[in-house]
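# Residue-level structural notes
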Amino acid sequence: MKPLEILGARLKALRKERRIYQREMGELLGVTSRHYQKIESGKINIPTLTLCALADYFGVSTDYLLGRSEER
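Residues numbered from 1 in each chain as written. Predicted model: local features only at pLDDT ≥ 70, side-chain atom pairs only at ≥ 80, totals over all residues. Heavy atoms only, no water.

### So, the packing of aromatic side chains
Two numbers describe a pair of aromatic rings. These are the distance of the centres and the angle of the planes. Taken as a whole and judged by the stated rule, the model has one aromatic pair. Taking 5.0 Å as the distance between ring centres and 80 degrees as the angle between the ring planes, the aromatic pair formed by tyrosine 57 and phenylalanine 58 counts as edge-to-face. Of the residues examined, phenylalanine 58 reaches a relative accessible area of 7% and is grouped as buried. A cation over an aromatic ring shows up here: arginine 10 above the ring of tyrosine 64, its NZ or CZ 4.3 Å from the ring centre. (Phe/Tyr/Trp six-rings, centres within 6.5 Å; stacked < 30°, edge-to-face > 60°. Buried < 20%, exposed > 50% of the residue type's maximum accessible area, 1.4 Å probe, protein only. Lys NZ or Arg CZ within 6 Å of the ring centre and 35° of its normal.)

### Considerations on helix H1 (residues 3-17)
For H1, built from 15 residues, the straight-helix expectation of 21 Å at 1.5 Å per residue is met to within 8% by its first-to-last C-alpha distance of 21 Å. Among the residues making up H1, those that are buried are Leu7, Gly8, Arg10, Leu11, Leu14 and Arg15. Viewed along the axis of H1, the buried residues span an arc of 170 degrees, placing them on a single side of the element. Structurally, H1 contributes buried residues whose contacts are with helix H2 (22-29), helix H3 (33-40), helix H4 (48-58) and helix H5 (62-65). Just downstream of H1 lies arginine 19, where phi reads positive at about 55 degrees. (Helix = DSSP H or I, 4+ residues; strand = E, 2+ residues; numbered from the N terminus. Expected span 1.5 Å × (residues − 1). Arc of directions from axis to C-beta. Contact = heavy atoms within 4.5 Å.)

In structure tokens:
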């Protein structure tokens, strides 16, 4: 899997664990739900600050989100 696909898959899994809709994640990030869907699909790269915000929101490390670690 490519890094963006790993990021997307992990974001999707974390979002589903919390039972949050893509629309809500888009609102949290200030993007459309379609844009967020593309992030989860591994089609869009995200800024570093957005990555950090997502890691903080889900209580995981950026390394976990990027697939560099299995430890959350």
